[in-house]
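# Geometric and topological summary
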Amino acid sequence: MQFMLLFSRQGKLRLQKWYVPLSDKEKKKITRELVQTVLARKPKMCSFLEWRDLKIVYKRYASLYFCCAIEDQDNELITLEIIHRYVELLDKYFGSVCELDIIFNFEKAYFILDEFLLGGEVQETSKKNVLKAIEQADLLQEDSKPRSTRLHSCVKS
Amino acid sequence: MPAVSKGDGMRGLAVFISDIRNCKSKEAEIKRINKELANIRSKFKGDKALDGYSKKKYVCKLLFIFLLGHDIDFGHMEAVNLLSSNKYTEKQIGYLFISVLVNSNSELIRLINNAIKNDLASRNPTFMCLALHCIANVGSREMGEAFAADIPRILVAGDSMDSVKQSAALCLLRLYKASPDLVPMGEWTARVVHLLNDQHMGVVTAAVSLITCLCKKNPDDFKTCVSLAVSRLSRIVSSASTDLQDYTYYFVPAPWLSVKLLRLLQCYPPPEDAAVKGRLVECLETVLNKAQEPPKSKKVQHSNAKNAILFETISLIIHYDSEPNLLVRACNQLGQFLQHRETNLRYLALESMCTLASSEFSHEAVKTHIETVINALKTERDVSVRQRAVDLLYAMCDRSNAPQIVAEMLSYLETADYSIREEIVLKVAILAEKYAVDYTWYVDTILNLIRIAGDYVSEEVWYRVIQIVINRDDVQGYAAKTVFEALQAPACHENLVKVGGYILGEFGNLIAGDPRSSPLIQFHLLHSKFHLCSVPTRALLLSTYIKFVNLFPEVKPTIQDVLRSDSQLRNADVELQQRAVEYLRLSTVASTDILATVLEEMPPFPERESSILAKLKKKKGPGTVTDLEDTKRDRSVDVNGGPEPAPASTSAVSTPSPSADLLGLGAAPTAPAGPPPSSGGSGLLVDVFSDSASVVAPLAPGSEDNFARFVCKNNGVLFENQLLQIGLKSEFRQNLGRMFIFYGNKTSTQFLNFTPTLICSDDLQPNLNLQTKPVDPTVEGGAQVQQVVNIECVSDFTEAPVLNIQFRYGGTFQNVSVQLPITLNKFFQPTEMASQDFFQRWKQLSNPQQEVQNIFKAKHPMDTEVTKAKIIGFGSALLEEVDPNPANFVGAGIIHTKTTQIGCLLRLEPNLQAQMYRLTLRTSKEAVSQRLCELLSAQF
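Note that this is a predicted model, so its numbers are computed, not measured. Numbering of residues starts from 1 in every chain and runs along the sequence as written. As a convention, the first chain written is A and the first ligand written is 1, with the rest following in written order. Whole-chain, interface and lining totals are the exception, using all residues; otherwise, since this is a predicted model, local features are given only for residues with pLDDT of at least 70 and side-chain atom pairs are given and counted only at 80 or more. Each side-chain value is worked out from all heavy atoms of the structure, with water and hydrogens disregarded.

## Observations regarding the overall build of chain B
- By the criteria applied, helices consist of DSSP H or I runs no shorter than four residues and strands consist of E runs no shorter than two, each listed in order from the N terminus. Counting its secondary structure elements, chain B contains 43 helices and 16 strands.
- In this scheme, a residue with accessible area under 20% of its type's maximum is buried, one over 50% is exposed, and one in between is partly exposed, where area comes from a 1.4 Å probe on protein chains only. Scored against the burial criterion, the 940 residues of chain B give a buried share of 56%.
- In chain B, the share of contacts with a sequence separation of at least 24, taken over all contacts with a separation of at least 6, comes to 69%.
- A total accessible area of about 40100 Å² is found for chain B, and carbon and sulfur atoms account for 52% of it. Residue contacts are counted whenever heavy atoms from the two residues lie within 4.5 Å of one another. For the accessible areas, the method is Shrake-Rupley and the probe is 1.4 Å, while residue cover comes only from the protein chains on display.

What follows is the structure, encoded as structure tokens:
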């Protein structure tokens, strides 16, 4: 996989992960172009499209689009399920995830992704193992810091 | 499970994010951000040392601001400081910041690398993983230099935790992709392969990706992975849906790992070991069988995961391209998907069938779906799916269905999306040319293309139609008539004016007899378009006019009037003005003889790769069109009886003929260039072939007979006289071979300047690659020297290479030439098949060009066992109990060449009474059938 982008229906980028070296300018250009292309597609259309020399696999979950760019020989369907498994991981971790969880806890979204995918390849597919790694990390935290209120529950909706 | 309470909620960060979200305008957002940046800057610069938590919070805010799309130019140092914190979350945020925002400040890199080094050495698996993730995320050369040597050690260390191994494997993969030179291969590679056996599925999942990447560059070092991958795959495929616990995904056992293993296997040819191969074929069959079972769940995730494995399995079957049974099953499966209600599956089935269409074994099976595909072209609502349908039609096209496919593509073109029109135009143009039996059809098709989608017809396309019309005199009259008629339309595309102008200028005389298209009418018709055209087209038309002056003396005054008019002679465009002046002058001063010479008909263009094909290749990347291109090359060989350099046309370019230059084709890519380089440059000849060629001896007497003896065997004595004996030992596998040539000095005197040379004719050279090293020029009396020749069959071939040996013996110069028995059948792989399959394939190859038959008298006693041995020695499988007549022999096999594989079927019918044989060969390629028939006939 070359990169993964999460963006909202309004075209706001929520998460970006690049597995190939690109300049910031190039990244912005790709993002702009792809967000436009994907948002222009109708709901019943197929989840794959050719774009430059890459294959784009995308899927919409509620207000968020998950969009992966894979190479020619990569498998589209399994990529679709990479997206789904990532959504499941977020869902399990945040408890019924929504876009706001990802906005307010973007760093967690990145940490979970790193446990699941590394260097553009699937590292660990077991939900238990991925979440174990993240929760272990959470346990390592010092307790002395002031706790926030349950942010997502009051901002959500 | 409220998420945030588990983590370390950073209240300040949450407030900041809320503020940003509440901003009503872009300006307000920028204002809020600038305020925050100022605040953070002052905190970082302030006298008060920040505690870890605050540092983390501010770094996190900076990261958020960066991810919003703003530039961040400070804070890196604070992030690096966080790396050395012993609090996990602080370290984690530090690494995240570095991963996202690394900059190549060398001072910083050194500090970062130091921190990573410490974490890697910490033996704390959580810290090690963080460090590895960071290296994998950044993947820069600097990091590669610092760590590429350490990571293999971590990866294979016995005491590394599973999670560390997983991260190490993928981290190494990323570094290898970025800078392969930095990753040293070594003893660890063998141990990496054995990770395929690891108990932990996650470790296997990560390791397969690494191995797949590494083995592409070093296939031999990793080839043990094939059997390990097969047994791993077999265990997964045959496991029940719950066996693998958390690695089962919606009732599908380990889909990601399965797909990766199938990908890995695609890096290698089919396993040689029969047991391994059997096990693998069993796996592939199981996957195909499972596709027919009712789904275990209605969830789309279940079917996606299952089908992901199925499609990867089909890719592997196509990659092997050697199991006709599996190929046809794959094709049937995809056929079902073509009508599936899921758009995604229809899309993938069309895509996958495209590759299946290029296999010898499944091409016919793919063709049966033509109506469904055409229907997809008409009814799919998604342009990306229609695009796939176009690709598939292009791939499945052959002589039998070309008219239908081209017609469908043309009619689709009328409504096609603008984004894919040019590509369709190119495809139609290529198919029309490639499969034209009747060239009037070709001309009609191209003119239709211009009519329907003139704007998308590139220069290459109309150049090509002109080349073809010029090269084929049977279509010239028709072309002239058709363009003349097409030009009658009140509005016609400028490309049509170009084609029409050029063709009438060359062949207008062929229709001038008809009073409805008399010279004057032709001229007026063209000239009526003149004023609407661009400068290059007008320039072309002026050349047409001067050609008319030569063809039709009666219109000369009319044309001179036009040339003389102010709008031509004083045209602001210098090119047009010059043409008008020169043509006018030429028409006045030159005698009819000189005019006729200067304005002679264009000579034929040399056959060469179609420029349209080159263009399509550039557009689509090489993979998609190679197959067509290969077939195409064969065709041009067929038509011309070999790649002729066509010297006639070359001279036409080099002589200053105005017709060649002025028609504007001079600079075009399709214009005739020099003849193709005839020989040399391939590193094939051992030494100066061009010098020695003239003195190569004629073939030694008896060498023909010896040659024939080697058709069915690989070892033996090829040549012997009183001085020299040449022995051969050879082995072939797929399209590769190795031949050991032994030169024995039978005398007691030295051979000096002993120089064996391999000679491939110009026809042979592109199809057969031979590589060898020179041998020692001195061969002692009684000694034997050995030479190894590496052989690669690029494409099918007819001639055999010649081995020329020159040396000095005593005072005399010796010169011997023999044919080297490298024949097409050496690249046979036997194929076993059942009677039913055989006859099905036999029927599929029923085109007259595909079959070659020879009836001949037996030269040797007609012994059944000897005949069987010969057929097996020839390389094909001997199929028992296939032919209803037990006296007959049938065989099947595949000729492997680098570019393609050609399935071959053969049948030998002995007639004992008449002492005759009838030999029939069917392959998909005429030249192959022909050559194999010749070779085999000589054996009985």
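From this point on, the discussion continues.
## Looking at helix 15 (residues 255-265) of chain B
- The buried count for helix 15 of chain B comes to eleven of eleven residues, which makes it a mostly enclosed element.
- Buried within helix 15 of chain B we find P255, W256, L257, S258, V259, K260, L261, L262, R263, L264 and L265 of chain B.

## Overview of the side chain of Q333 of chain B
All names here are of chain B.
- With respect to the element layout, Q333 can be found in helix 18 (residues 324-338).
- For Q333, a relative accessible area of 3% gives the class buried.
- Setting aside its immediate chain neighbours within four residues, Q333 contacts L288, A291, Q292 and L310.

## Concerning the interface of chain A and chain B
- Facing 68 residues of chain A, the contacting portion of chain B comprises 78 residues.
- Once two parts are put together, the accessible area they lose, assessed with a 1.4 Å probe and summed over both, is termed the buried area. Carbon and sulfur atoms supply 55% of the area that chain A and chain B bury against each other, a total of about 6500 Å² over both sides.
- Contact with chain B buries surface across chain A, with L77, F106 and L118 of chain A losing the most and accounting together for 10% of the total.
- The residue D382 of chain B makes a salt bridge to R41 of chain A at a minimum N-O spacing of 2.8 Å.
- Pairing of N or O atoms within 3.5 Å defines a polar contact, subject to two protein rules: one partner must be a possible hydrogen donor and the other a possible acceptor, and residues neighboring in sequence count only if both atoms are side-chain atoms. Inspection of the chain A/chain B interface yields 27 residue pairs in polar contact (both at pLDDT 80 or more).
- Sorting elements by how many residues they give to the side of chain A that touches chain B places helix 2 (residues 76-94) of chain A first, with twelve residues. Should a side-chain nitrogen of Lys or Arg be within 4 Å of a carboxyl oxygen of Asp or Glu, the pair is scored as a salt bridge.

## So, the environment of L210 of chain B
All names here are of chain B.
- Residue placement: L210 occurs in helix 13 (residues 201-217).
- Residue classification places L210 among the buried positions, given a relative accessible area of 1%.
- Put simply, L210 and L173 are 37 residues apart on the chain and 5.3 Å apart in space, counted from C-alpha to C-alpha.
- In this structure, L210 is in contact with L155, A169, L172, L173 and V192, ignoring residues within four places of it in sequence.

## Looking at helix 33 (residues 574-589) of chain B
All names here are of chain B.
- Here a helix's expected span is defined as the number of its residues, less one, multiplied by 1.5 Å. With 16 residues, helix 33 extends 22 Å between its outermost C-alpha atoms, agreeing within 8% with the 22 Å of an ideal straight helix rising 1.5 Å per residue.
- Within helix 33 the residues assigned to the buried category are L576, R579, A580, Y583, L584 and S587. With its buried residues spanning 120° around the axis, helix 33 presents them on a single face. What points out from helix 33, more than 90 degrees from its buried face, is the exposed set V574, R585 and V589.
- The opening residue of helix 33, the one whose side-chain oxygen lies 3.0 Å from the backbone nitrogen of E575, is D573. What the arc covers is the set of directions going from the helix axis to the C-beta atoms.

## Some remarks on the nonpolar core
- Counting 276 residues, the largest nonpolar core has Y86 of chain A together with I116 and L196 of chain B as its most contacted members.
- An automatic or database domain assignment supplies the start and end points of every domain. Here this core gathers at least three residues from each of two domains, domain 1 (9-75) and domain 2 (335-396) of chain B.
- Residues in contact with Y86 of chain A, not counting those within four places in the same chain, are M4, L6, L15, F66, A109, I112, L113 and F116 of chain A.
- Only buried Ala, Val, Leu, Ile, Met, Phe, Trp, Tyr and Cys residues count toward a nonpolar core, and they belong to the same one when joined by side-chain atoms within 4.5 Å. Counting 60 residues, the second-largest nonpolar core is a separate cluster that includes F732, A858, L921 and V928 of chain B.

## A word on the sheet that holds strand 10 (residues 812-819) of chain B
Residue and element names in this part refer to chain B.
- Strands sit in the order 6-9-10 across an open sheet of three strands; the sheet is antiparallel. Two strands bound the open sheet, and with one partner strand each, they are strand 6 (751-759) and strand 10. Pairwise comparison of adjacent strand axes, ignoring direction, gives a mean angle of 15° for this sheet.
- The sheet contact formed by strand 9 (residues 802-809) and strand 10 spans eight bridges and is antiparallel. Considered in strand 10, the bridge of F807 is made with Q814. The pairing criterion for strands is at least two bridges between them, as found by DSSP. Between N-to-C directions, angles span 0 to 180 degrees; the directions come from axes that are lines fitted to C-alpha atoms, helices contributing only their stretch in contact.

## What to know about the pairing of strand 16 (residues 916-923) of chain B
Residue and element names in this part refer to chain B.
- For strand 16, a buried count of six out of eight residues is recorded, marking the element as mostly surrounded by other parts of the structure.
- With seven bridges connecting them, strand 12 (residues 851-857) and strand 16 associate as antiparallel partners. Residue Q853 lies in a different strand from strand 16, and its bridge partner there is T920.
- Linkage of strand 15 (residues 901-911) to strand 16, two consecutive antiparallel strands, is achieved through a turn of four residues, within which Q915 is found at a positive phi near 55°.

## Brief notes about the confidence of the model for chain B
Residues and elements named next belong to chain B.
- With 89% of its residues at a pLDDT of 70 or more, chain B shows a mean pLDDT of 84.
- On a scale of 0 to 100, pLDDT captures the predictor's confidence in every residue. Model confidence for chain B, summarised as mean pLDDT per element, is weakest for helix 37 (residues 647-654) at 32 and strongest for helix 15 at 96.
- Here residues 1-7 is modelled with pLDDT under 50, and outside its nearest four sequence neighbours on either side it reaches 21 contacts, counting other chains as well.
- A low-confidence stretch, residues 622-694 stays under pLDDT 50, and its non-local contacts, those more than four residues away or across chains, total 95 contacts.
- For this predicted complex, the interface confidence comes out at an ipTM of 0.90, alongside a pTM of 0.67.

## Details of unusual backbone geometry
- The phi dihedral of R52 of chain A falls on the positive side, at around 50°, and the residue is not glycine.
- With respect to the helices, strands and loops of the structure, R52 of chain A is situated in the loop between strand 3 (48-51) and strand 4 (54-61).
- Accessibility expressed as a relative area gives 43% for R52 of chain A, which makes it partly exposed.
- Positive phi, normally seen in glycine, also occurs at Y250 of chain B, with a value near 45°.
- Residue position: Y250 of chain B is located in the loop between strand 1 (248-249) and strand 2 (252-253).

## Describing the confidence of the model for chain A
- On average, residues of chain A score 86 in pLDDT, and 89% of them are at 70 or above.
- pLDDT under 50 marks residues 142-157 of chain A. Its contacts with residues more than four places away, or in other chains, come to 24 contacts.

## Notes on the pairing of strand 14 (residues 889-896) of chain B
All names here are of chain B.
- Of all the eight residues making up strand 14, eight are buried; the element is thus mostly covered by neighbouring parts of the structure.
- Along strand 14, one buried face is formed by F889, G891, G893 and I895 and the opposite face, lined by V890, A892, I894 and H896, is buried too.
- Note: strand 11 (residues 828-830) against strand 14, three bridges, orientation antiparallel. Paired with P830 across the strands is G893, a residue of strand 14.

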